[in-house]
Amino acid sequence: MLVYLWFPEFPGVEWGAEHLATRPPCYGTSSLSSSTTSCHNNEGQLEDPRASKHQRVQTEDPRASKHQRGQPEDARASKRQRVQPSQPEEPRAKLQVVKNKDRVFKRSKRPSTAVIPEYTVYRPNAAECVKQSCSNPVDVFLLMYPPTLREITVEMSNLYSTQTKGKQLNLSMDELLTFYGILIASGYSSVPRRHMYWSVDNDVHNESISGAMRRNRFDDIMASVHVVDNTKITDDPFFKVRPIFSELNHSYKIMPFHEWLSVDESMIPYYGRHGCKQFIKGKPIRFGYKVWSLTSSSGYMYHMEPYCGSHTFLPETGLGQGPSVIIGLAEQAQVPQGCKFFHDNLFTTLSLMDEMTKRGYGSSGTMRQNCLFDVPFTPLNAFMKLPRGTSEILCQGEKLLVHWKQEHCHSGNKHG
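Bear in mind the structure is a predicted one, so any value in this text is a computation, not a measurement. (Residues numbered from 1 in each chain as written. Predicted model: local features only at pLDDT ≥ 70, side-chain atom pairs only at ≥ 80, totals over all residues. Heavy atoms only, no water.)

## Considering the overall build of the protein
Here's step 1: Check the secondary structure of the protein and you find 13 helices and 9 strands.
Here's step 2: Taking all 416 residues of the protein together, the buried fraction comes to 43%.
Here's step 3: Relative to all contacts within the protein whose residues are 6 or more apart in sequence, the contacts with residues 24 or more apart total 67%. (Helix = DSSP H or I, 4+ residues; strand = E, 2+ residues; numbered from the N terminus. Buried < 20%, exposed > 50% of the residue type's maximum accessible area, 1.4 Å probe, protein only. Contact = heavy atoms within 4.5 Å.)

Written out as structure tokens, the structure is:
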């Protein structure tokens, strides 16, 4: 048995490049500047929230590493301190939740018309310009991997090498791009050990990789590559890679928004130890980092946000986790009105549909049985005895609820 919820939408078109040129940078409700670089209090001094009222001064810290023991105590203490935001964000007002028992359902196939703006297209858009001007895959990579992120990587990698190893890395932009090229090549030309790429044996030797960079130089860069200053730690579990997400989300907006959008969770494989590692049973990738993703119907990523519990950079709307993810991604990505969202039963609620209609979005998805209390469908036990293919249709305002029976539940699509 499966319940499917659908909004009747107006046919629309794509977002144009003329509007994209006027859109401001989008970093969401918690920007990078306020989450990763705010390291001073109101008086301009660094704060250490873990420092007790009465501190004991030690001449030598037994937990300090070998290269840290020769440094002053103040220098080692600054590396351990955690930086707190100078001004905490104000709590967000909760959205209105209407209970199912307060709704009026009708057995009709014609719901009220949802007032959703048309989706306007402008030609030529950014995607067509990229196809004409970036025929080389390297140009496309450099377009989507912005210069700001490359400059941050070079600067922070050199800083990290100086802080931890006491020597200059002298990483240049050309070396960084060569380093990225070796990582990409190792993805489709794999060997048991990385050093085999520089081996003289004919069966594992890779001339492209060995000729581009020396082995020891690659190891030095691999051991020092960073995008943040480790002395400015925040409470964000992903603070070491937060600039990557922020910059990539900004560069993804180069392409125009598609009319049909999908919201779902994606997994980044990881089998090590980390507090944000997730286990999802029955998924192709069971262990790793979970990322909330906003994509087009063709799979293009518009916005992504890593899940890290209460530290996730998404607003709390009061409608539940699933609706908060969809509303938060739509806000942070600045999705134009007229787009239609598709999602599974992890996100869909009637309150979400109400809020999406107010914001000028179409929304469609499946619902779980525990979200159907006080909805006048046939009782579950009686409905399961009906023949396969039996369906029921209810309307509530501009929402259309379809309830049908099938042997195996699977998500379906229906476009208005």
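## Focus: the confidence of the model for the protein
Here's step 1: Put simply, the protein has an average pLDDT of 78, and 75% of its residues get 70 or more.
Here's step 2: Mean pLDDT values over the elements of the protein span from 36, in helix 2 (residues 32-35), up to 96, in helix 9 (residues 215-224).
Here's step 3: In the predicted structure, residues 6-88 sits below a pLDDT of 50 and forms 155 contacts with residues beyond four places in sequence or in another chain.
Here's step 4: When the criterion is pLDDT under 50, residues 408-416 qualifies, and its contacts beyond four places in sequence or with other chains add up to 16 contacts. (pLDDT = per-residue confidence, 0-100.)

## Some thoughts on the packing of helix 6 (residues 147-165) against helix 9
Helix-helix packing: each pair is described by the crossing angle between the helix axes and the interaxial distance.
Here's step 1: The contact between helix 6 and helix 9 brings their axes to 9 Å, and the two run at 90 degrees. Considering the angle they form, helix 6 stands roughly perpendicular to helix 9. Between helix 6 and helix 9, the residues in contact are Ser157, Tyr160, Ser161 and Lys165 and Asp220, Ala223 and Ser224, respectively.
Here's step 2: By residue class, the composition of the contact of helix 6 with helix 9 is 2 nonpolar, 3 polar and 2 charged. (Axes fitted to C-alpha atoms, helices over the stretch in contact; angles between N-to-C directions. Parallel < 35°, antiparallel > 145°, perpendicular 65-115°, else oblique. Nonpolar A, V, L, I, M, F, W, Y, C, P; charged D, E, K, R; others polar.)

## Examining the pairing of strand 5 (residues 301-306)
Here's step 1: Most of strand 5 is tucked away: 5 of the 6 residues are buried.
Here's step 2: Pairing of strand 4 (residues 287-296) with strand 5 involves 5 bridges; the strand directions are antiparallel. Directly across from Ser293, in strand 5, lies its bridge partner Met304.
Here's step 3: In this structure, the hairpin formed by strand 4 and strand 5 is closed by a connection of 4 residues, where Gly299 is found at a positive phi of approximately 100 degrees. (Pairing = 2+ DSSP bridges.)

## Concerning the pairing of strand 8 (residues 391-396)
Where a strand is regular, its side chains alternate between the two sheet faces.
Here's step 1: As judged from the 6 bridges shared by strand 8 and strand 9 (residues 399-404), these two strands associate in the antiparallel manner. Residue pairing across strands places Gln396 opposite Lys399, the latter belonging to strand 9.
Here's step 2: Following strand 8, the chain reverses through 2 residues before pairing antiparallel with strand 9; Gly397 in that reversal takes a positive phi of roughly 65 degrees.

## Topic: the pattern of salt bridges
Here's step 1: Within this structure, the stated rule accounts for 13 salt bridges.
Here's step 2: The salt bridge involving Glu259 is made with Lys340; its shortest N-O contact spans 2.9 Å. With a gap of 81 residues between them, Glu259 in the loop between helix 10 (242-252) and strand 2 (260-269) and Lys340 in strand 6 (residues 340-343) connect regions that are remote in the sequence.
Here's step 3: Taking relative accessible area as the criterion, Glu259 reaches 6% and is therefore assigned buried. (Salt bridge = Lys/Arg side-chain N within 4 Å of Asp/Glu carboxyl O.)

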